[in-house]
Structure formats: structure tokens, C-alpha cells
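As a plain string of letters, each chain reads:
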Amino acid sequence: HIPRPPNAFMLYRSHMLKSRGNADPEKRQQNLSRIAGQLWRAMSKEDRAVWHKKAAEVQAAHCAKYPGYKFKPNR
């Protein structure tokens, strides 16, 4: 199984959760994702562009590691 490369929001969410550490008493992933989504939507286009650039870099590395990869969901 080859994992899908993360998109810009997933990279941002992962960074947000790691940077908060144990400072946030909220532990439920559902609520953390909701908070991350609210912060993402409130972000400026310039700030989001940084995460889109990082996602493009991860995508390029993924393509180099798995040439010919195509996402095929199991339905």
C-alpha cells in the first residue's frame, strides 16, 4: 500500500498539532480538526501559499519515490 501525499491543509494541521504539544487540553481529533479548519480559513492567502508550496514539494518527492503512482480508491 502506497500512502497518498498530504495536501496543504493536512501538512498545516499536522504542524499545528505538533506545535501545540500538550498546551491544548482538547484531545478529540474531531474538535482539533474543526479548530484547524477554522484557523486555515482565517489565514491569509500569502500564509496559505507557504503551505501549498510545501505540499507541492512533498508531492514532487512522492512522485520521485513512487513513479507512476495513481490514487485508486477501493470501492
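Use the structure listed above.
Source: prediction; values computed, not measured. (Residues numbered from 1 in each chain as written. Predicted model: local features only at pLDDT ≥ 70, side-chain atom pairs only at ≥ 80, totals over all residues. Heavy atoms only, no water.)

J.: Any chance you could explain the nonpolar core here in plain terms?
T.: Taken as a class, soluble globular proteins show a tendency for nonpolar side chains to be buried jointly. If you look at the biggest cluster of nonpolar residues, it comprises nine residues: Ala 8, Leu 11, Tyr 12, Met 16, Ala 36, Trp 40, Met 43, Trp 51 and Ala 55. Listed by contribution, the elements that provide at least two residues to this core are α1 (8–20), α2 (29–42) and α3 (45–65). Broken down by element, this core gets its largest block of residues, four residues, from α1. Not counting residues up to four positions away in its chain, the partners in contact with Tyr 12 are Ala 36, Leu 39, Trp 40, Met 43 and Trp 51. (Core = buried A, V, L, I, M, F, W, Y, C linked by side-chain atoms within 4.5 Å. Buried < 20%, exposed > 50% of the residue type's maximum accessible area, 1.4 Å probe, protein only. Helix = DSSP H or I, 4+ residues; strand = E, 2+ residues; numbered from the N terminus. Contact = heavy atoms within 4.5 Å.)

J.: Where do I start with the packing of aromatic side chains in this structure?
T.: Aromatic ring pairs are defined here through the distance separating the ring centres and the angle between the ring planes. In this structure the tally under the stated criterion is three aromatic pairs. With centroids separated by 5.8 Å and ring planes inclined at 75°, the aromatic side chains of Phe 9 and Trp 40 adopt a geometry described as edge-to-face. With a gap of 31 residues between them, Phe 9 in helix α1 and Trp 40 in helix α2 connect regions that are remote in the sequence. Looking at Trp 40, the relative accessible area reads 12%, which means it is buried. Between Tyr 12 and Trp 40, the ring centres sit 5.5 Å apart and the planes meet at 45°, which makes this aromatic pair tilted. You can see Tyr 12 sitting in helix α1 and its partner Trp 40 sitting in helix α2, a full 28 residues away along the chain. With a relative accessible area of 9%, Tyr 12 lands in the buried category. (Phe/Tyr/Trp six-rings, centres within 6.5 Å; stacked < 30°, edge-to-face > 60°.)

Remember, this is a structural readout, not a statement about activity or role.
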